[in-house]
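What follows is each chain in one-letter form.
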Amino acid sequence: MLDTNVISEPFRPKPNENVMKNLRKYENFCVLSSTGWNELLFGVNIMPEGKKKDFLYDKFINDIQSHYEILQYDNHAALIQADITARLRAKGISIDFQDAQIAAIAISNCMVLVTRNTKHFEPIQEVSTLMLENWFE
């Protein structure tokens with residue numbers, strides 16, 4: 001399951017070569033979370049009006065949405081997220097709600113979460129079965 005920073009990488013002026021190689025290699029196995037999809041769309045929606053915004057919005061809607069399955073945040077993911085955040089809170093650790101939601105969707109679907117922001121998810125790994133990969137390295 002691709003995190004927002006991975007799926008948006010091809011749209012950068014100079015995309016990371018390792019990410020691009022892995023996107024091609026695992027193209028048929030990659031999915032997005034509904035939370036990551038929301039983050040992508042929000043990022044485009046807050047951009048100033050113009051050709052770049054129109055281009056990205058078109059690419060996201062027509063290419064990404066039609067190419068990748070978008071996994072929903074469902075009851076099972078909610079149960080997992082509640083457990084994760086409660087365990088972390090007991091340790092005095094707070095976690096970003098959206099990161100916990102993304103992790104819970106990955107865990108509930110038995111998927112590896114591919115992200116550049118591994119440090120954001122490492123506390124979750126300590127209290128769950130979350131599997132992480134960083135294709136930027």
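Scoring rules and cut-offs
- Sequence order sets the numbering: in each chain, residues are counted from 1 along the sequence as written.
- Restriction of local features to residues with pLDDT of at least 70 applies here, the model being predicted, together with a cutoff of 80 or more for giving and counting side-chain atom pairs; totals for whole chains, interfaces and linings are based on all residues.
- Values reported for side chains reflect all heavy atoms of the structure, with hydrogen atoms and water molecules removed beforehand.
- In DSSP terms, a helix is any run of H or I states spanning at least four residues, a strand is any run of E spanning at least two, and both are numbered starting from the N terminus.
- Radius of gyration: C-alpha atoms only; globule rule: 2.2 Å multiplied by the number of residues to the exponent 0.38.
- Burial classes: relative accessible area under 20% of the type maximum marks a residue as buried, over 50% as exposed, and values in between as partly exposed (1.4 Å probe, protein chains only).
- Pairing of aromatic side chains here covers Phe, Tyr and the six-membered ring of Trp, requires ring centres within 6.5 Å, and sorts the geometry by plane angle: under 30 degrees stacked, over 60 edge-to-face, intermediate tilted.
- Each axis is a line fitted through C-alpha atoms, and for a helix only the stretch in contact is used; angles between axes span 0 to 180 degrees, taken between their N-to-C directions.
- In what follows, roughly perpendicular refers to angles from 65 to 115 degrees, roughly parallel to angles under 35, roughly antiparallel to angles over 145, and oblique to any angle outside these ranges.
- The contact criterion used is simple: two residues touch if any of their non-hydrogen atoms lie within 4.5 Å.
- Note on residue categories: nonpolar means Ala, Val, Leu, Ile, Met, Phe, Trp, Tyr, Cys or Pro, charged means Asp, Glu, Lys or Arg, and polar means any other residue, Gly included.
- Here, a salt bridge means any side-chain nitrogen of Lys or Arg that lies within 4 Å of a carboxyl oxygen of Asp or Glu.

Lay out the overall build of the protein with the relevant residues and their values.
Secondary structure summary: the protein contains seven helices and four strands in total. In the protein, the succession of helices and strands from N to C terminus is α-α-β-α-α-β-α-α-β-α-β. Here the C-alpha radius of gyration of the protein, 15 Å, is about what a compact globule of 137 residues would show, namely 14 Å. Taking the principal axes of the C-alpha coordinates as reference, the protein spans close to 45 × 30 × 25 Å. For the protein, the proportion of its 137 residues judged to be buried stands at 43%.

Outline the packing of aromatic side chains, supporting the account with residue identities and numerical values.
Using the criterion set out here, one finds two aromatic pairs in the structure. Between phenylalanine 11 and phenylalanine 60, the aromatic rings sit 5.2 Å apart at their centres with planes inclined by 80°, giving edge-to-face as the arrangement. Of this pair, phenylalanine 11 sits in the loop between helix H1 (4–7) and helix H2 (17–25) while phenylalanine 60 sits in helix H4 (residues 51–67), and the two are 49 residues apart along the sequence. Where tyrosine 26 meets tryptophan 135, the ring centres are 5.7 Å apart and the plane angle is 25°; that geometry is what we call stacked.

Tell me about the packing of helix H3 (residues 34–45) against helix H6 (residues 97–108), residues and numbers included.
As a packed pair, H3 and H6 sit with axes 8 Å apart at the nearest point and diverge in direction by 135°. Judged on the interaxial angle alone, H6 and H3 are oblique. Here H3 contributes Ser34, Thr35, Gly36, Asn38 and Glu39 to the contact with H6, which in turn contributes Gln98, Gln101, Ile102 and Ile105. When the residues that make up the contact of H3 with H6 are grouped by side-chain class, the tally is two nonpolar, six polar and one charged.

Give a description of the pattern of salt bridges that names residues and reports values.
Should their charged atoms come close, side chains of opposite charge can pair. The full count for this structure, using the stated rule, is five salt bridges. Here glutamate 9 ties to arginine 12 by a salt bridge, and the two come within 3.2 Å at their closest N and O atoms. The class for arginine 12 is partly exposed, based on a relative accessible area of 44%. One salt bridge in this structure joins arginine 87 and aspartate 83, with 2.8 Å as the shortest N-O distance.

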